[in-house]
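Residue strings, one per chain:
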Amino acid sequence: MMEKIAQLPWQDYCETLHNKGFVIIESLLSDEQCDALKQGYDNPGLYRKTITMERYRFGKGEYKYMKYPLPPLIQSLREAVYEQIVRVANQWMQQVKSDTRYPPKLSELHEICAAHQQVLPTVLILKYQQEGFNTLHQDLYGDVFFPLQMVFMLSDPEKDYSGGEFVITEQIPRAQSKANVLQPRKGSVLIFATNYRPVKGSQGYYRVNMKHGVSTVHDGQRFSLGVIFHDALT
């Protein structure tokens, strides 16, 4: 997996991230890998916490946070993609004149997280049934957060469910919000901004606030794997 990721056209993907704040990479996981991750949803030994979304008014559905050590496939994906997109994160920090810089290795980011008591993994699997949805939100989890994250689609929108589009909104200063409605296919990964992205204006770069969520699932069952790079307080 590490070699497969290294061979992808990251220059093109990074340019898309700069221009849009998100990019879809098709067919990164096989059907078999997606199905294995879905089957693991019912294995309690993999998870540290289960969240029922209605209880917290997050939407309708359920998700589970994995515990360390992560399954080897997920650990490899998390490390390898981080090393490719950290350049984007650091360029964004430079553009918004932030002193924050992110280290080249994921393990080094986690050392910074640990210094702020953020030591719990944030990788999660989300499950939506009919009428399930996820309200617009940001996955920050503490003072230390990486400005990009990713979600892998584990279900096929043409076979397993309908509706359930991935929604990314952009709040442009002094303007109405823009919505991007996406439907990645099974095995694809969507990489997107966690909090904001820089956009160049006449006076330099400004921050466009971004949130994400999932529209209502009309029928079927939708699974996805969320991979946040920073760790959490709780």
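Just above, that's the structure.
None of these values were measured; they are calculated from a predicted model.

Student: Outline the overall build of the protein, supporting the account with residue identities and numerical values.
Tutor: Helix and strand content of the protein: five helices and 15 strands. Its C-alpha radius of gyration of 17 Å places the protein within 12% of the 17 Å reference for a compact globule of 234 residues. Across the 234 residues of the protein, 50% fall into the buried class. Once local pairs closer than 6 in sequence are excluded, the contacts in the protein between residues at least 24 apart make up 76%. Total accessible area on the protein is roughly 11,300 Å²; 48% of this is exposed by carbon and sulfur atoms. Charged side chains of the protein number 26 positive and 25 negative; the gap between the two group centres comes to 6 Å.

Student: How would you explain the sheet that holds strand S11 (residues 189-193) if you had to name every residue and give the values?
Tutor: Two pairing modes exist for strands in a sheet, parallel and antiparallel, and in both the strands are linked by backbone hydrogen bonds. As summarised here, the arrangement of the seven strands in space is S1-S11-S7-S15-S5-S4-S2, forming an open sheet in which the pairing is antiparallel. Each edge of the open sheet is held by one strand with a lone partner, namely strand S1 (22-25) and strand S2 (47-52). Each strand axis lies, on average, 20° off the axis of its neighbour in the sheet, ignoring direction. Pairing geometry for S1 and S11, over four bridges, is antiparallel. Bridging across to S11, isoleucine 25 finds its partner in valine 189. Strand contacts of helix H2 (residues 10-20): S1, strand S7 (148-153) and S11, with the helix running at about 145° to S1, the strand carrying the most contacts.

Student: Describe unusual backbone geometry, naming the residues involved and giving the relevant values.
Tutor: A cis amide bond links tyrosine 68 with the next residue in sequence, proline 69, at an omega value of -5°. On the secondary structure map, proline 69 appears in the loop between strand S4 (62-66) and helix H4 (72-95). Located in the positive-phi region is serine 27, a residue other than glycine, with phi close to 55°. Inspection of the secondary structure puts serine 27 in the loop between S1 and helix H3 (31-39).

Student: Any chance you could break down the pattern of salt bridges for me, citing the residues and the numbers?
Tutor: Within this structure, the stated rule accounts for eight salt bridges. Note that aspartate 35 is salt-bridged to lysine 186, the shortest N-O span being 2.9 Å. One end of the pair, aspartate 35, is in helix H3; the other, lysine 186, is in the loop between strand S10 (177-182) and S11, and 151 residues separate them in sequence. Two residues, lysine 38 and aspartate 160, come together in a salt bridge whose shortest N-O distance is 4.0 Å. Remark: aspartate 160 occurs in the loop between S7 and strand S8 (161-163) and lysine 38 occurs in helix H3; sequence separation between them is 122 residues. With a relative accessible area of 29%, aspartate 160 lands in the partly exposed category.

Rules behind the numbers
- Residues numbered from 1 in each chain as written.
- Predicted model: local features only at pLDDT ≥ 70, side-chain atom pairs only at ≥ 80, totals over all residues.
- Heavy atoms only, no water.
- Helix = DSSP H or I, 4+ residues; strand = E, 2+ residues; numbered from the N terminus.
- Rg over C-alpha atoms; globule rule 2.2 N^0.38 Å.
- Buried < 20%, exposed > 50% of the residue type's maximum accessible area, 1.4 Å probe, protein only.
- Contact = heavy atoms within 4.5 Å.
- Areas by Shrake-Rupley, 256 points an atom, 1.4 Å probe, with all protein chains shown as cover.
- Lys, Arg positive; Asp, Glu negative; His and termini not counted.
- Charge placed at Lys NZ, Arg CZ, Asp CG, Glu CD.
- Pairing = 2+ DSSP bridges.
- Axes fitted to C-alpha atoms, helices over the stretch in contact; angles between N-to-C directions.
- Salt bridge = Lys/Arg side-chain N within 4 Å of Asp/Glu carboxyl O.

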